[in-house]
Amino acid sequence: MLPSFGVAPRQVAPLGRGLINDTFAVETDTAALVLQRVHPVFSPAIHHDIEAVTAHLARGGMATPRLHPTPAGELYIAREGDVWRLMTRMPGVSFDVVRSTAQAHAAAGLLARFHS
C-alpha cells in the first residue's frame, strides 16, 4: 500500500487500538507518518473535507496532521473495498480512555481551539 503513496517505509507497526480505523505508525528515513484503513462508515469524499479543514488550521498557525497525497495528487487510495489514507504524524501521545479531569480539561482545550 505504501508504495502507492510514494513512500518507502523503514518500519510499520500498529498504532493504538484502532477504535474506529485501523491505524499504523510508519517511519521512513525522513518522516513519521500514520497509515489508516478508514472505517467503511466514512465516504472517501471525507478526505476533501479533511484537506480543507487541516489546510485552514495550518494557515492559522495550528499544528495539525496533513494528508500525504499520492504522487498523482490523490488524497486516498481505494483498493479491494478498503480506503487507505496516509498523513503526517503529530508528536505526542493519544489515549483510548480519559484517566483524569486534568486530561479531560486539556482535551477540551484542544477541541475548543480547533473549533475557534
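Residues numbered from 1 in each chain as written. Predicted model: local features only at pLDDT ≥ 70, side-chain atom pairs only at ≥ 80, totals over all residues. Heavy atoms only, no water.

A closer look at the nonpolar core
If you look at the biggest cluster of nonpolar residues, it comprises nine residues: Leu2, Phe5, Val7, Val26, Leu33, Leu35, Ile77, Trp84 and Leu86. Setting aside its immediate chain neighbours within four residues, Val7 contacts Leu2, Val26, Thr28, Leu33, His68 and Leu86. (Core = buried A, V, L, I, M, F, W, Y, C linked by side-chain atoms within 4.5 Å. Buried < 20%, exposed > 50% of the residue type's maximum accessible area, 1.4 Å probe, protein only. Contact = heavy atoms within 4.5 Å.)

Here we look at the pairing of strand β2 (residues 22–27)
Alignment of strand β1 (residues 11–14) against β2, held across four bridges, turns out to be antiparallel. Residue pairing across strands places Val12 opposite Val26, the latter belonging to β2. In the sheet, β2 pairs with strand β3 (residues 32–38) via six bridges, with the strands oriented antiparallel. Along β3, the bridge assignment pairs Ala25 with Val34. (Pairing = 2+ DSSP bridges. Helix = DSSP H or I, 4+ residues; strand = E, 2+ residues; numbered from the N terminus.)

Some details on the sheet that holds β1
Spatial ordering of the open sheet is given by β1-β2-β3-β5-β4, a layout of five strands whose pairing is antiparallel. Two strands lie at the open edges of the sheet, namely β1 and β4 (77–79), each paired on one side alone. Averaged over all pairs of adjacent strands, the angle between strand axes in this sheet comes to 25°, irrespective of strand direction. Strand direction decides the pairing type here: β4 and strand β5 (residues 82–88), joined by three bridges, are antiparallel. Bridging across to β5, Ile77 finds its partner in Trp84. (Axes fitted to C-alpha atoms, helices over the stretch in contact; angles between N-to-C directions.)

Regarding the confidence of the model for the protein chain
Per-residue confidence for the protein chain gives a mean pLDDT of 93, with 100% of residues at or over 70. By mean pLDDT, the top-scoring element of the protein chain is β5 (98), and the lowest-scoring one is helix α2 (residues 101–115) (88). (pLDDT = per-residue confidence, 0-100.)

Structural notes on a nonpolar patch on the surface
A cluster of nonpolar side chains, namely Leu19, Ile20, Val41 and Phe42, defines an oily patch on the protein surface of about 410 Å² accessible area. Here Val41 shows up in the loop between β3 and α1 (46–59). (Patch = residues over 30% accessible without salt bridge, like charges linked within 9 Å, V, L, I, M, F, W, Y side chains within 5 Å. Areas by Shrake-Rupley, 256 points an atom, 1.4 Å probe, with all protein chains shown as cover. Salt bridge = Lys/Arg side-chain N within 4 Å of Asp/Glu carboxyl O.)

Some details on the pattern of salt bridges
With the rule as written, the count across this model stands at five salt bridges. Salt-bridge contacts for Arg89 lead to Glu27; the nearest nitrogen and oxygen are separated by 3.8 Å. A residue pair is termed long-range when its members are at least 10 positions apart, and Arg89 in the loop between β5 and α2 and Glu27 in strand β2 qualify at 62 residues. Judged by its relative accessible area of 31%, Arg89 falls in the partly exposed class. The class of Glu27 is partly exposed, set by a relative accessible area of 25%. With a shortest N-O distance of 3.9 Å, Arg37 and Asp82 are connected by a salt bridge. Separated by 45 residues along the polypeptide, Arg37 in strand β3 and Asp82 in strand β5 bring together distant segments of the chain. Since its relative accessible area comes to 28%, Arg37 is described here as partly exposed.

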